[in-house]
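These are the residues of each chain, in order.
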Amino acid sequence: MFTLYTRANCPLCDEAKLMIQLVNEDIPFSYTEVDIESDDVLHEKYMLMIPVLEKDNEILLYGNIGYVELVEALEN
């Protein structure tokens, strides 16, 4: 299961969600979105990195998440 860490008013987060929607058309996968502002520990951990895509507690991508990078991360 993939987890996408985001927060409100985050243009990079919005773009990452759009990229996930586009990739999902070709490579279906499910993810859970977590707002880092709902948890102080998550906020401190990811504050400067969001958006962050994790799988099994391993960071796959963060920051500016593009289509190609997302496809490559899913294929590994």
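Structure: see above.
Here we summarise the structure given alongside this text. Along every chain, residues carry numbers that run from 1 in the direction the sequence is written. Local features in a predicted model are, by the rule used here, given only for residues with pLDDT of at least 70; side-chain atom pairs are given and counted only at 80 or more, and totals for whole chains, interfaces and linings are based on all residues. Only hydrogens and water are set aside; all other atoms, that is, all heavy atoms of the structure, feed into the side-chain values.

Considering the state of the cysteines
Phase 1: Note that a disulfide, as used here, is simply two cysteine sulfur atoms within 2.5 Å. All told, the structure shown has one disulfide when counted by the stated rule.
Phase 2: Across the disulfide from cysteine 10 sits cysteine 13; the S-S distance is 2.3 Å. Classification of the bridge connecting cysteine 10 and cysteine 13 rests on its S-S torsion, roughly 75°, and on that basis the disulfide is right-handed. Assigned by exposure class, cysteine 10 and cysteine 13 land together as buried. Here's how the labels work: a residue is buried when its accessible area is under 20% of the maximum for its type, exposed when over 50%, partly exposed in between, all with a 1.4 Å probe on protein chains only.

A short note on the packing of helix H1 (residues 11–26) against helix H3 (residues 67–75)
Phase 1: With axes taken as lines fitted to C-alpha atoms, and helix axes fitted only over the stretch in contact, angles between N-to-C directions fall between 0 and 180 degrees. A run of H or I in DSSP becomes a helix once it reaches four residues, and a run of E becomes a strand once it reaches two; helices and strands are each numbered from the N terminus. At a minimum axis distance of 10 Å, the contact between H1 and H3 shows a crossing angle of 55°. As the angle between them shows, H1 and H3 are arranged oblique. In terms of crossing hand, the pair formed by H1 and H3 is right-handed. Of H3, the residues touching H1 (which contributes Met19, Ile20, Leu22, Val23 and Asp26) are Tyr67, Leu70, Val71 and Leu74.
Phase 2: Each residue is assigned to one of three groups, with Ala, Val, Leu, Ile, Met, Phe, Trp, Tyr, Cys and Pro labelled nonpolar, Asp, Glu, Lys and Arg labelled charged, and all others, Gly among them, labelled polar. Grouping the amino acids of the contact of H1 with H3 by side-chain chemistry returns eight nonpolar, no polar and one charged. Here the angle decides the label: under 35 degrees means roughly parallel, over 145 means roughly antiparallel, 65 to 115 means roughly perpendicular, and every other value means oblique. It is the rotation of the near helix from the far one that decides the hand of a crossing: anticlockwise by less than a right angle makes it left-handed, clockwise makes it right-handed. By the convention used here, residues are in contact when the closest approach between their heavy atoms is within 4.5 Å.

Things to note about the pattern of salt bridges
When charged atoms on two side chains of opposite charge get close, those side chains can pair.
Phase 1: Here, a salt bridge means any side-chain nitrogen of Lys or Arg that lies within 4 Å of a carboxyl oxygen of Asp or Glu. All chains considered together, the criterion is met by two salt bridges.
Phase 2: Between lysine 17 and aspartate 14 there is a salt bridge; the shortest N-O distance is 3.9 Å. In this pair, lysine 17 and aspartate 14 both sit in helix H1, three residues apart, roughly one turn of the helix.
Phase 3: The closest approach of N and O atoms between glutamate 33 and lysine 17, which form a salt bridge, is 3.1 Å. Taken together, the residues glutamate 33 in strand S2 (residues 31–35) and lysine 17 in helix H1 connect sequence positions 16 residues apart.
Phase 4: Judged by relative accessible area, glutamate 33 falls into the partly exposed class, the value being 38%.
Phase 5: Put simply, Asp14, Lys17 and Glu33 are held in one network by salt bridges that share partners.

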